[in-house]
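Listed here are the chains, written in short residue letters.
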Amino acid sequence: MKKTIICLILALALLPFTQAGAQTRPPVNWYEVFVYSYADSDGDGHGDLKGLEGKLDYIAGMGYDGLWLMPVMPSPSYHKYDVSDYYGIDPLYGTLTDMRSLAAACHARGIRLIIDLVLNHSSTRHPWFIQATDALRAGNLEEPHIDWYNFTQQPGGSRVKVPGADWYYEEQFAGGGMPDLNLDNMALREEIRAIMAFWLNDVGVDGFRLDAVTSYYSGDDKKNIEFLLFLKDTAEGLKPGSFLVGECWKGLGVIADYYDSGIDSFFLFPASQAEGYIASSMRARKPAATFVKHLERVQAAIPAGLLTPFLSNHDTGRTVGLVQGRQAVERVKFAHGLLSLLGGSTFTYYGEEIGMAGAGADPNKRLGMLWEDGQPVTKAPPGVTGGEYPFPGVKAQQEDPMSLLNYLKALNRLRLELPVLALGELAILEHTDDTCLLARALNGEALYIAVNFSSKEAREVLVPQRLTLLGALDTDDTASAAVSGARGTLVSLPPYGIAFLGME
């Protein structure tokens, strides 16, 4: 035991400290919103920007200091990943005036705002594409916009025929009317710079979520990374401190390589979904040991980059289904608690805080937010094949101190009050099959984290220092506790309990 205590103290003492002031640090709690399904201000059954602005006090009150909006630019589809105007707001959602108002309202509440920037492709209804295809049909090959896309006269593969012409265009995302852009074209790159300047400096957003970054140049990671470097340098030149997060839907090794681009972060896809780090650890025969292995794997692959882990988003099944939580809300709570222990800036998809369900077809994962029990105020997205709300809506859960919503609210508040939890350097101090002791350090502050992975049994963890219980995440009304004595601090953890301790 003496040897173990010495190793634990040395491990914590050797933790490096990073400099991250509260004024410059990135948001630690991000909230993803599909505007279409969130809040309707005018009664037409579709969510809009004014409705979202009306919910900002709720979002801030839940402890979210970052907000990501799925695409808001004009588009012929409900999902809006096929942009027809990079300088506007889809009329279904409102106006540019509404968007500027939303950005200002976010900033007044200390919330940073990012929007989806889709640069892999445009809509076939974008004027660029229309001008290019009209020219091809007329035999005018001098039209500049032709080179903004990837046209060829050779069929095959992912190529789609241009109606009325012997030409084909490349479309990696087949069937969606989304022709690939030729990102090597320098005139197009200048246009992209202008688009970024418009949103960052005119509208007032704080950055972008970059869609499908591995598809800019499909199969060519080197060129993708080079293009991301262009985007990062452009954003930083236009608005220093802009936040860019990329969708690199790949394994850990590839994601780690993409950090060479200088982009602030990439979504940690290996932590998400049913086979991801969180859900698989909870199912494992030795859950704590399995979770620690995942932590070590991430730490080795991405030792310095900012992580952005998540459990589910608009493309994946929701957390309730991932962890079999419909009849066991404590499993859903614990999954979110474990996600926060990965460090970095966590992303939460709207409705996760009330345990919304959704799987299968994409529209099923984008159902209306349930503010009160009954039916949502927004219409179901086109193509919904099923949907359910296993738990009560926001209003009822706000009134229940043991609700999932209040668990996430407490979790978010802890991450805001203890930024070391999100941004500190990690040390794995000790683990058994179903308990672990972690530590994080930041700017001279150390935080110890004790976790009980058992769903049924209480556990005790001895920390070989005299510490104070700074906070706890308990999934029922059985509370974690800590008692200091001559040997250190004995932490008592109920099932699925997580305790946070610091120096007295």
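Our subject is the structure that appears above.
Once that is clear, we can look at the overall build of the chain. The helix and strand inventory of the chain stands at 15 helices and 19 strands. Relative to the compact-globule value of 23 Å for 504 residues, the chain shows a C-alpha radius of gyration of 24 Å, a close match. The principal-axis extents of the C-alpha atoms in the chain amount to approximately 85 × 50 × 40 Å. In the chain, 66% of the contacts between residues at least 6 apart in sequence involve partners at least 24 apart.

Moving on: helix α10 (residues 287-301). Taking 1.5 Å of rise per residue, the 15 residues of α10 would be expected to cover 21 Å, and the 21 Å separating its terminal C-alpha atoms lies within 8% of that figure. In the core, the buried residues of α10 are packed alongside α8 (252-258), β9 (265-268), α9 (277-283), α12 (329-341), β12 (425-431) and β13 (435-442).

In this section: the sheet that holds strand β6 (residues 168-170). Ordered in space as β4-β6-β5, the 3 strands form an open sheet in which the pairing is antiparallel. The open sheet has two free edges, formed respectively by β4 (151-152) and β5 (159-161), since each of these has just one partner strand.

As for its placement among the helices and strands, S261 is situated in the loop between α8 and β9. Its relative accessible area of 0% is what places S261 among the buried residues. Polar side-chain contacts of S261 include one of 3.2 Å to the backbone nitrogen of I263. Each residue touching S261, except ones within four places of it in the same chain, is listed here: I225, L228, L229, K232 and F266.

Looking now at unusual backbone geometry. Of note, the phi angle at Q273 is positive, near 70°, even though the residue is not glycine. In the Ramachandran plot, N443 falls in the positive-phi region, its phi being about 50° despite a non-glycine side chain. For N443, the position within the fold is in the loop between β13 and β14 (445-452). Exposure remark for N443: the relative accessible area of 39% places this residue in the partly exposed category.

What follows covers the pattern of salt bridges. One pass over the full model with this rule turns up 19 salt bridges. D134 is the salt-bridge partner of R137, the closest N and O atoms lying 3.0 Å from each other. A residue pair is termed a helical-turn pair when its members lie 3 or 4 positions apart in one helix, as R137 and D134 do in helix α5 (residues 127-138) at 3 residues. Each member of the salt-bridge network shares a partner with another, and the members are D116, R209, D211 and E247.

Rules behind the numbers
- Residue indices follow the written sequence of each chain, beginning from 1 at its first position.
- Reporting in this predicted model follows two pLDDT cut-offs: at least 70 for local features of residues, and 80 or more for side-chain atom pairs to be given and counted; totals over whole chains, interfaces and linings ignore these cut-offs and use all residues.
- With hydrogens and water set aside, each side-chain value is computed from the structure's full complement of heavy atoms.
- Secondary structure elements are taken from DSSP: a helix is a run of H or I of four residues or more, a strand is a run of E of two residues or more, and numbering for both begins at the N terminus.
- The globule rule used for comparison is 2.2 Å times the number of residues to the exponent 0.38, while the radius of gyration itself is calculated over C-alpha atoms.
- The contact rule is simple, with two residues in contact once any of their heavy atoms fall within 4.5 Å.
- To estimate the expected span of a helix, subtract one from its residue number and multiply by 1.5 Å.
- Any two strands between which DSSP finds at least two bridges are classified as paired.
- Burial classes: relative accessible area under 20% of the type maximum marks a residue as buried, over 50% as exposed, and values in between as partly exposed (1.4 Å probe, protein chains only).
- Any pair of nitrogen or oxygen atoms within 3.5 Å is treated as a polar contact; in protein, a donor-acceptor pairing is required on top of that, and neighbouring residues in sequence qualify only through side-chain atoms on both sides.
- The salt bridge criterion pairs a side-chain nitrogen of Lys or Arg with a carboxyl oxygen of Asp or Glu, the two atoms within 4 Å.

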